[in-house]
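Fold and geometry: a report
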Amino acid sequence: MRKRLLCALLAAALVMSAGCSRYTASREFSLFAMDTLVNVTLYTGEPEAASKEQAIMSGAVSSIEKALSVTREDSDISRVNRKSGQQGTTVDSGTIEVLSRALELCQVTDGALDITAYPAVKAWGFTQEEHRVPSPTELEALAAKIDYSAVKLEEDTVTLPEGMEIDLGAVAKGYAGDWLARDARGNGITSALLDLGQSTIVAVGSKPGGSPWRIGVVDPARPENYFAVVELEDMAMGTSGGYQRYFEQDGVTYWHILDPDTAAPARSGLSSVTVVSPSAFLCDGLSTALFVMGLEKGTAFWRDHPELEFEAIFVTEDGEIYRTAGLEGRFSLAEGYTDREVTVLE
């Protein structure tokens, strides 16, 4: 059994340009929240602005974690889960906002993303890293309780059926990234990089000097490497992959991305999906949903939903690379991978 918790977006692509006189100060800081390390790099013309923004961001991430964490006993989500099958739970307006948006994404993906799969995640042991393989009978019972449409939101109250629990882990980091980026822009910071660990990157503006941020995309077959680079300006990028959290038993690999229909690891033929969008929330949620869908259904979803304004990179279990046409000029293969074939989806 082994565990790998890797940042899906490597820091190797994040070398900052220097020499632009209007950016006289930078501030880099890290904090642990939402079960991951959040790394922030801010560029500003005023040192005081960077210090102020650090304080604001640190407080905001802590508040978001306190509301949305499924593992904190005092969080809104934990309180909702403890009352499943009982009367509704009153929560913060921000929690209602995230839940409402998450449920909308569950609906538009036809349940490929389902925030009520938490009991199944626990049954596989991914919450405490005490892994086990549930029996077919147990999986059938777990799958029967996965149904996002059964979550009831009424003003500031959340109600769950008995035995159901929710987990916003598929969208929480993206929500935090969007909030932090919006706040940075509102406070006059036009160049920043927000690395929310394991899967999510948000670029505010461009690098000092005007060039795009260059973000590496992990090779799921060799997670110590990145196989491609995506250029971002005022965009976000999120990756979901079986290599991020998994365990092996009796020669079989089981990863944490579950198919809501089976309550078992999704076997879609994909090893990773990367989504690029102005919304980090969308990047997080859609990368998970597209992984569950697989290449064919995921491509059809991309074609059918231009209003969502996202692009995607698919890597199959056989190592084949596919990318959507909208990444033209922003996607390139990394050194050591330039001989790989990339299929463009149109």
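Report follows, based on the coordinates. Since the model is a prediction, treat every value here as computed from it, not as a measurement.

Moving on to the packing of aromatic side chains. Scanning all chains against the criterion turns up seven aromatic pairs. Ring centres of Trp124 and Tyr254 lie 5.4 Å apart, and the angle between their planes is 40°; this geometry places the pair in the tilted category. Of this pair, Trp124 sits in the loop between α4 (118-123) and α5 (136-144) while Tyr254 sits in strand β12 (residues 252-255), and the two are 130 residues apart along the sequence. Tyr254 matches Trp124 in its accessibility class, with the two residues each being buried. Seen in terms of ring centroids, Trp255 and Phe291 are 6.2 Å apart; in terms of plane orientation they differ by 90°. Their pairing is edge-to-face. Here Trp255, found in strand β12, pairs with Phe291, found in helix α7 (residues 280-293); they are 36 residues apart in sequence, far enough to count as distant. Accessibility expressed as a relative area gives 9% for Trp255, which makes it buried. Taking the relative accessible area as the measure of exposure, Phe291 reaches 0% and is therefore buried. Within the aromatic cluster, the residues linked to one another by ring pairs are Trp124, Phe126, Phe247 and Tyr254. Over the aromatic face of Phe281 sits the side chain of Arg101, whose NZ or CZ is 4.0 Å from the ring centroid.

Turning next to the sheet that holds strand β5 (residues 157-159). As summarised here, the arrangement of the three strands in space is β3-β5-β4, forming an open sheet in which the pairing is antiparallel. Since the sheet does not close on itself, it has two edges, and those belong to β3 (89-90) and β4 (152-154), each with one partner. Of the pairings in the sheet, the one linking β4 to β5 comprises three bridges and is antiparallel in character. Across the sheet, Glu154 pairs through a bridge with Thr157, a residue of β5. Across the sheet, helix α3 (residues 93-108) touches β4 and β5, and the angle it forms with β4 is around 135°.

A few words now on helix α6 (residues 172-186). If you check α6, its first and last C-alpha atoms are 21 Å apart, about what 15 residues at 1.5 Å a residue would give, namely 21 Å. Burial of α6 is extensive: eleven of the 15 residues sit out of reach of the surface. Buried within α6 are the following residues: Ala172, Lys173, Gly174, Tyr175, Ala176, Gly177, Asp178, Leu180, Ala181, Asp183 and Ala184. Of the residues one or two after α6, Gly188 is the one with positive phi, at around 85°.

What counts as what
Residues numbered from 1 in each chain as written. Predicted model: local features only at pLDDT ≥ 70, side-chain atom pairs only at ≥ 80, totals over all residues. Heavy atoms only, no water. Phe/Tyr/Trp six-rings, centres within 6.5 Å; stacked < 30°, edge-to-face > 60°. Helix = DSSP H or I, 4+ residues; strand = E, 2+ residues; numbered from the N terminus. Buried < 20%, exposed > 50% of the residue type's maximum accessible area, 1.4 Å probe, protein only. Lys NZ or Arg CZ within 6 Å of the ring centre and 35° of its normal. Pairing = 2+ DSSP bridges. Contact = heavy atoms within 4.5 Å. Axes fitted to C-alpha atoms, helices over the stretch in contact; angles between N-to-C directions. Expected span 1.5 Å × (residues − 1).

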